[in-house]
Amino acid sequence: MSNELPVPKESIPPARHDLFVQALARHERVIRAYIRGAGVSRPEDVDEIAQEVSLIAWQKFDQLDRVEDFPRWACVIAKYRVLDFRRKRFRDRLVLNEKLFDLLLEEALDETKTQNARLNKLEHCLGQLPAASKKLLMAAYEPGASIDEFARSVGKSANALYQRLWRLRQILRKCVDDALSKDATLPNPSVSP
Amino acid sequence: MNEHEQHLIRDYLDDRITPKGLERLERLLESDGSARAEFRAMATLEEGLRDLAIENTMVSHGHDMTHNLAAPSGHFGRWSHVKQFGIATLSVVCVIVTILLARQADRGDEWGTAIARIESLSKDVSFLPDQEFAVSEGISLGKGWLRLERGRARVLFRSGATVDLEGPAVFGIDTPMRAYLDYGKVSVHAPETARDFIVATESMEVVDLGTRFEIHVDAKSHESKVSVIEGLVDLHLGSRGANRIIQSLEAGCAALVDETGRIIEIRNNAAVDPARTGANAQLLAHWTFDTVGGLGVVEDSSARQLDAILRMPDQTRLIAGVSGKAFSIDGRDVAVDLCEHASVLAQMSSFTLSAWVRNPDESLAIVFSLSGETEQHRVQFYLTRGFVRFGWQDGLYFDSISGGVDGWNADQWYHVAVTAGDGVVRLYRDGELLGSGAVGSNIGAPISTPSMVKDASRAYLGRLHDGRQGAGTVHQWFTGQIDDVQIYSGALNNEAIRFLHANSGEVWSAGALHE
């Protein structure tokens with residue numbers, strides 16, 4: 001197959017460029033959460049796909065009418081990159097089947113706003129954890145961190161550390177869910193009594 | 001959702017899941033929408049924590065990431081440390097490891113730790129002296145080699161893939177989804193459960209995309225022949241570790257590949273798969289452009305009589321064409337209106353469009369389009385300076401497949417064609433296959449066909465009602481000369497397209513004798 005050659009792109013005005021940078025900075029984590037939520041388990045794969053999505057989104061940004069649509073639009077791009085990635089790169093790995101990837105990707109397209117809210121609440125909830133727990137979580141999720149090595153460095157077994165991290169994640173999860181349901185039950189401020 | 005199920009999701013997201021765990025998780029996610037929502041929520045939490053950890057690292061190192069967002073140049077945001085993806089060479093090396101007779105470790109799982117098992121052996125079967133263990137029907141197999149001297153052996157993989165070996169052959173079992181053929185002949189059937197099953201050779205990997213295929217590797221030259229009997233395979237060509245080239249191969253095709261992974265020849269044996277022979281393709285419309293009737297009626301000479309309406313006939317001249325007369329369209333705002341037949345055209349899940357063109361506007365020449373009420377849903381066949389293209393828009397994205405050409409000589413008639421069938425689009429000029437694909441080259445979106453255009457109401461030759469991909473309505477046109485447009489419901493094969501090129505004005509008829 002002859003792939004389409006790159007076509008010289010008209011330069012995008014600086015204001016448009018700024019808009020793109022702002023939109024990407026604001027929604028990058030939603031895009032990555034979307035990719036992970038499709039069944040891409042390894043963080044380095046998530047990064048690689050997110051990188052491709054960013055490049056495509058940049059190339060096609062002048063086709064986007066409303067910058068408010070950016071997260072969903074970028075996630076649509078991500079959907080096809082993920083499926084392509086799965087087909088070409090996950091052949092001999094233990095990953096969910098393609099049908100499930102497709103289903104998870106399709107359902108998640110309608111959740112981009114919820115996921116953004118979830119990510120905002122997570123930051124708030126993390127701040128409420130005791131300093132030592134927060135430090136442990138941050139160390140465990142640092143790029144390149146190995147739980148096994150980290151466990152050795154703090155004199156714990158890897159299993160014990162996994163259990164502790166699991167409990168902390170459960171606490172955070174509950175905090176996020178509670179905060180989201182609290183928001184949902186708040187009266188609409190635009191409606192006067 | 002109980003804690004055990006949550007642990008399955010956690011193990012998956014931590015990349016620690018076992019094969020059995022994965023099976024259970026797939027069953028859970030397939031049957032339970034709330035489990036899928038939970039999966040996404042947990043994945044979001046994971047990514048959120050990773051994001052915060054990175055931000056935390058950056059802050060503690062005194063960086064302010066908001067100032068690091070430079071102009072796009074290949075790396076964006078904070079994720080410039082992406083690791084290179086390594087090709088999984090270790091798994092092939094591991095094939096050399098001793099074969100294990102797997103034991104039924106788990107009574108609840110008939111496979112236990114086995115990767116595959118011997119389903120049957122022919123009566124005349126014999127194995128080479130260096131076969132490490134006795135082979136008999138029903139035995140379970142782990143990683144390792146089968147060294148068949150003669151006869152046949154059928155191996156069933158845990159994934160559901162069946163491999164028939166024909167001796168002499170040396171065949172490696174690697175994982176439930178991967179095997180290695182050193183030399184000999186194998187025939188593979190991979191059902192849906194084993195989609196993406198791989199047979200690797202020294203020079204390539206053959207990746208199943210839902211199919212039956214055969215591979216024959218010569219013991220001395222290590223040349224390989226891959227024949228696809230049903231479905232589609234991808235050949236990942238080249239030595240492991242090098243940048244590989246991917247070549248799709250469809251049913252009825254066979255590829256000869258040398259020991260370095262270079263394709264020597266691709267043959268098309270159309271007789272293998274009737275669906276691809278054009279036997280199912282029926283002529284739907286044939287506009288010869290030999291006459292324009294009253295009120296600008298462009299007659300369809302096929303039995304369907306899908307007569308079209310010529311818009312702006314005063315800007316169109318009848319000239320000598322490749323067969324009878326042709327239309328010369330000299331200005332914009334001219335098109336052959338097929339809107340009346342949009343609903344008929346929109347029934348085509350597979351199709352062929354064939355046309356003759358001369359002096360097409362090289363900036364953009366729309367040959368055919370079918371679209372819905374908005375620009376968000378459409379398919380289009382069009383020409384540009386260096387390409388023959390098929391494009392589609394479904395919602396927010398536009399994607400296309402292109403076939404490269406070396407320009408368009410002035411005053412020369414060219415035959416152009418597009419076919420779509422079985423999920424693959426093919427593009428031709430003058431009978432030569434220029435390009436094909438199952439997904440677009442822009443963002444990898446799967447192809448759309450006319451039947452996928454929502455609320456199709458606009459169809460034209462020489463016009464696209466709204467070609468925008470952003471703000472503002474943009475009509476696109478064809479200027480130049482056009483002759484003998486044919487549409488078939490069904491994808492014609494290479495032979496039929498070559499016939500249309502060699503016999504201008506004639507139509508392809510399945511079952512008829514064609515020279």
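Residues numbered from 1 in each chain as written. Chains lettered and ligands numbered in written order. Predicted model: local features only at pLDDT ≥ 70, side-chain atom pairs only at ≥ 80, totals over all residues. Heavy atoms only, no water.

Description of the pattern of salt bridges
Put simply, the test is: When a carboxyl oxygen of Asp or Glu is within 4 Å of a side-chain nitrogen of Lys or Arg, the pair counts as a salt bridge. Numbering goes from the N terminus for both helices and strands, where a helix is a DSSP run of H or I of at least four residues and a strand is a run of E of at least two. Residue burial is assigned from relative accessible area. The probe radius is 1.4 Å, only protein chains are included, and a residue is buried under 20% of its type maximum, exposed over 50%, and partly exposed in between.
Considering all chains together, one arrives at 34 salt bridges over all chains under this definition. Between A:R36 and B:E47 there is a salt bridge whose closest N-O contact spans 2.9 Å. Of this pair, A:R36 sits in helix α1 (residues 14-37) while B:E47 sits in helix α3 (residues 33-60), each in a different chain. For the pair A:R36 and B:E47, a shared accessibility class is recorded, and that class is buried. The shortest N-O distance in the salt bridge between B:E119 and B:R117 comes to 3.0 Å.

Observations concerning the packing of aromatic side chains
The cut-off we apply is this: Two aromatic rings from Phe, Tyr or Trp, using only the six-membered ring of Trp, form a pair when their centres are within 6.5 Å; if the ring planes differ by under 30 degrees the pair is stacked, by over 60 it is edge-to-face, and anything between is tilted. In this scheme, Lys NZ or Arg CZ marks a charge over a ring once it lies within 6 Å of the ring centre and within 35 degrees of the ring normal.
Across all of its chains, the model carries 15 aromatic pairs over all chains by this definition. Between B:Y12 and B:F39 the ring centres are 5.7 Å apart and the planes differ by 50 degrees, which places this aromatic pair in the tilted class. With B:Y12 in helix α1 (residues 3-13) and B:F39 in helix α3, the pair connects residues that are 27 residues apart, well separated along the chain. For the pair shown, B:Y12 and B:F39 are each scored as buried. Members of the aromatic cluster, each reached through a chain of ring pairs, are A:F20, A:W58, A:F61, A:F70 and A:W73. The residue whose ring lies beneath B:R10 is A:W166, and the NZ or CZ to ring-centre distance is 5.1 Å.

Quick word on the confidence of the model for chain B
All names here are of chain B. Put simply, the test is: Values of pLDDT, ranging from 0 to 100, describe the predictor's confidence in every residue of the model. Contacts were defined at the residue level, with two residues in contact if any of their heavy atoms lie within 4.5 Å.
Taken as a whole, chain B shows an average pLDDT of 79; of its residues, 82% reach a score of 70 or greater. Looking at the elements of chain B, mean pLDDT is at its lowest for helix α4 (residues 89-95), recorded as 28, and at its highest for strand β22 (residues 351-358), recorded as 96. Per-residue pLDDT stays below 50 along residues 62-108; that stretch engages in 97 contacts with residues further than four places along the chain or on separate chains. In the predicted structure, residues 270-277 sits below a pLDDT of 50 and forms 18 contacts with residues beyond four places in sequence or in another chain. Reported for the predicted complex are a pTM of 0.46 and an ipTM of 0.85.

Let's talk about a negative patch on the surface
Residue and element names in this part refer to chain B. Going by this rule: Within this analysis, patches are made of residues with over 30% relative accessible area and no salt bridge. Like charges are joined at 9 Å or less; nonpolar side chains (Val, Leu, Ile, Met, Phe, Trp, Tyr) at 5 Å or less. Here the Shrake-Rupley method, with its probe set to 1.4 Å, supplies the accessible areas, and only the displayed protein chains count as covering residues. Positive residues here are Lys and Arg, negative ones are Asp and Glu, while His and the chain termini are left out of the count. In plain terms, the charge of a residue is placed at NZ if it is Lys, CZ if Arg, CG if Asp and CD if Glu.
A contiguous patch of negative charge on the surface is contributed by E202, D218, E223 and E259. Tracing the sequence through the fold places E259 in the loop between β14 (253-257) and β15 (263-268). Judged by relative accessible area, E259 falls into the partly exposed class, the value being 39%.

Thoughts on the interface of chain B and chain A
Applicable threshold: Put simply, buried area is the surface a 1.4 Å probe can reach on two separate parts but cannot reach once they are joined, added for both. Throughout this description, a polar contact denotes any pair of N or O atoms lying within 3.5 Å of each other; where both atoms belong to protein, one of them has to be capable of donating a hydrogen while the other can accept it, and for residues adjacent in sequence the pair is counted only when both atoms sit in side chains.
Each partner contributes residues to the interface: chain B has 87 residues there, and chain A has 78 residues. For the pairing of chain B and chain A, the buried interface totals around 7600 Å² over both sides, and the portion due to carbon and sulfur atoms is 58%. On inspection of chain B and its partner chain A, the count reaches 12 salt bridges. Here chain B and chain A share 23 residue pairs in polar contact (both at pLDDT 80 or more) between them. Listing elements by their share of the side of chain B that touches chain A, those giving two or more residues are α1, α2 (19-31), α3, β9 (204-208), β12 (232-237), β25 (387-394), β26 (397-404) and β29 (432-437) of chain B. Top contributing element to the side of chain B that touches chain A by residue count: α3(B), with 21 residues.

Describing the state of the cysteines
Residue and element names in this part refer to chain A. Worth spelling out the cut-off: When the sulfur atoms of two cysteines come within 2.5 Å, that pair is taken as a disulfide.
For the structure shown, the criterion picks out one disulfide over all chains. Each sulfur of the disulfide joining C125 and C175 lies 2.0 Å from the other. Between C125 and C175, the S-S torsion sits near -85 degrees, and that sign places the bridge as left-handed. Separated by 50 residues along the polypeptide, C125 in helix α5 (residues 112-128) and C175 in helix α8 (residues 158-185) bring together distant segments of the chain. The burial state of C125 is the same as that of C175; both residues are buried.

Brief notes about unusual backbone geometry
Residue and element names in this part refer to chain B. At the junction of G167 and P168, the peptide bond is cis and its omega measures out at 5 degrees in the coordinates. Examined against the element boundaries, P168 turns out to sit in strand β6 (residues 162-175). Backbone geometry places F289, a non-glycine residue, at a positive phi of 65 degrees. Within the secondary structure, F289 sits in strand β16 (residues 282-292). By relative accessible area, F289 is classed as buried at 1%.

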